[in-house]
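# Analysis of the macromolecular model
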Amino acid sequence: MSPSSPAPPPALHDLAHRLRALPPSCGPVRLIGVDGHAGSGKTTFAGQLAEVLGGAPVLHLDDIASHDELFAWTGRLLPQVIEPLRRGETAHYAPYDWRARHFGPPRPLPPAPVVLVEGVGAGRRALRPHLAQLLWLELPHEEAWARGQSRDGAEQREFWAGWLVAERRHFAEDPSRPFADLLVRQVMEGYEVLPGPAGPTGPDQQVTYGDGPSAMC
């Protein structure tokens, strides 16, 4: 972390400790899914969590999806990533270039103790058996989508129109949130982490760590 970078929120240190203590779920790897609606802050959260985990690898599902297969990418992910990690081998996947509209050269993904899989659909039923834990970024879809569209600007307006239809269809057919072990909410000074619908203490119960007040940013 550079001297100018803000310190990660304390809640992430507690969460990282909890994730490291989980049993491996995919060969020697504790595979952690980070799911949520487009624009909910998954990439930022996963990056900060990876830093606290000592530089844990992050697989961004945007690199696996493509214009032609926004959600029909399981057939690539399983053989390119999941199967090698299960064998304790370095996986190699071809990241998609969204501007050039083609897949690039292979990129390695090592079988680290903790690997984060971040993106819409990270908690799909085909992946859940391989996950040590599923985290859901808790932000209503209307707010998340508005944030994402504002971020991407007018040039991506047509893409977003198609994406919204595809995301609605995906979560209607293969929802993730009901299976989330933990819900992550952005708050004024970091994050708070709550047990998810699949957690042993019941849905939406406050856990013992968090940062700042519970009002959303």
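Up top you'll find the structure we're talking about.
Residues numbered from 1 in each chain as written. Predicted model: local features only at pLDDT ≥ 70, side-chain atom pairs only at ≥ 80, totals over all residues. Heavy atoms only, no water.

Check the secondary structure of the chain and you find five helices and 10 strands. Burial status across the chain gives 48% buried among its 217 residues. Taking as baseline every contact in the chain between residues at least 6 positions apart, the subset at least 24 positions apart corresponds to 67%. Accessible surface for the chain amounts to roughly 10400 Å². Of this, 53% is attributable to carbon and sulfur atoms. (Helix = DSSP H or I, 4+ residues; strand = E, 2+ residues; numbered from the N terminus. Buried < 20%, exposed > 50% of the residue type's maximum accessible area, 1.4 Å probe, protein only. Contact = heavy atoms within 4.5 Å. Areas by Shrake-Rupley, 256 points an atom, 1.4 Å probe, with all protein chains shown as cover.)

What follows is about the sheet that holds strand β7 (residues 114–118). Pairing is mixed across the open sheet formed by six strands, whose spatial order is β2-β7-β1-β8-β9-β10. Both edges of this open sheet fall to β2 (58–60) and β10 (190–195), since each of them pairs with a single strand only. Across the sheet, the mean angle from the axis of one strand to that of its neighbour is 25°, orientation sign disregarded. With three bridges joining them, β2 and β7 adopt parallel strand pairing. Within β7, the residue paired with leucine 59 across the bridge is valine 117. (Pairing = 2+ DSSP bridges. Axes fitted to C-alpha atoms, helices over the stretch in contact; angles between N-to-C directions.)

With that settled, the discussion passes to the nonpolar core. By size, the foremost hydrophobic cluster in this structure holds 36 residues, and its most contacted members are Leu31, Leu77 and Val81. Among the elements of the structure, α3 (74–86), β3 (91–93), β7, β8 (133–137) and α5 (157–173) are those that each provide at least two residues to this core. In terms of residue count, the dominant contributor to this core is α5 (five residues). What leucine 31 contacts, discounting residues up to four positions off in sequence, is Ser25, Cys26, Ile82, Leu85, Val115, Val117, His130, Leu131, Ala132 and Gln133. Val34, Ala50, Leu135 and Tyr191 belong to the second-largest nonpolar core, a separate cluster that totals 24 residues. (Core = buried A, V, L, I, M, F, W, Y, C linked by side-chain atoms within 4.5 Å.)

So, about the pattern of salt bridges. Counting across every chain of the model gives nine salt bridges. Measuring nitrogen to oxygen at the nearest pair gives 2.7 Å for the salt bridge that ties glutamate 138 to arginine 177. On the criterion of sequence distance, the pair formed by glutamate 138 in the loop between β8 and α4 (141–152) and arginine 177 in the loop between α5 and β9 (182–187) is long-range, its members being 39 residues apart. Connected through salt bridges with shared partners, the residues Glu138, Arg177, Arg185 and Glu192 form a single ionic network. (Salt bridge = Lys/Arg side-chain N within 4 Å of Asp/Glu carboxyl O.)

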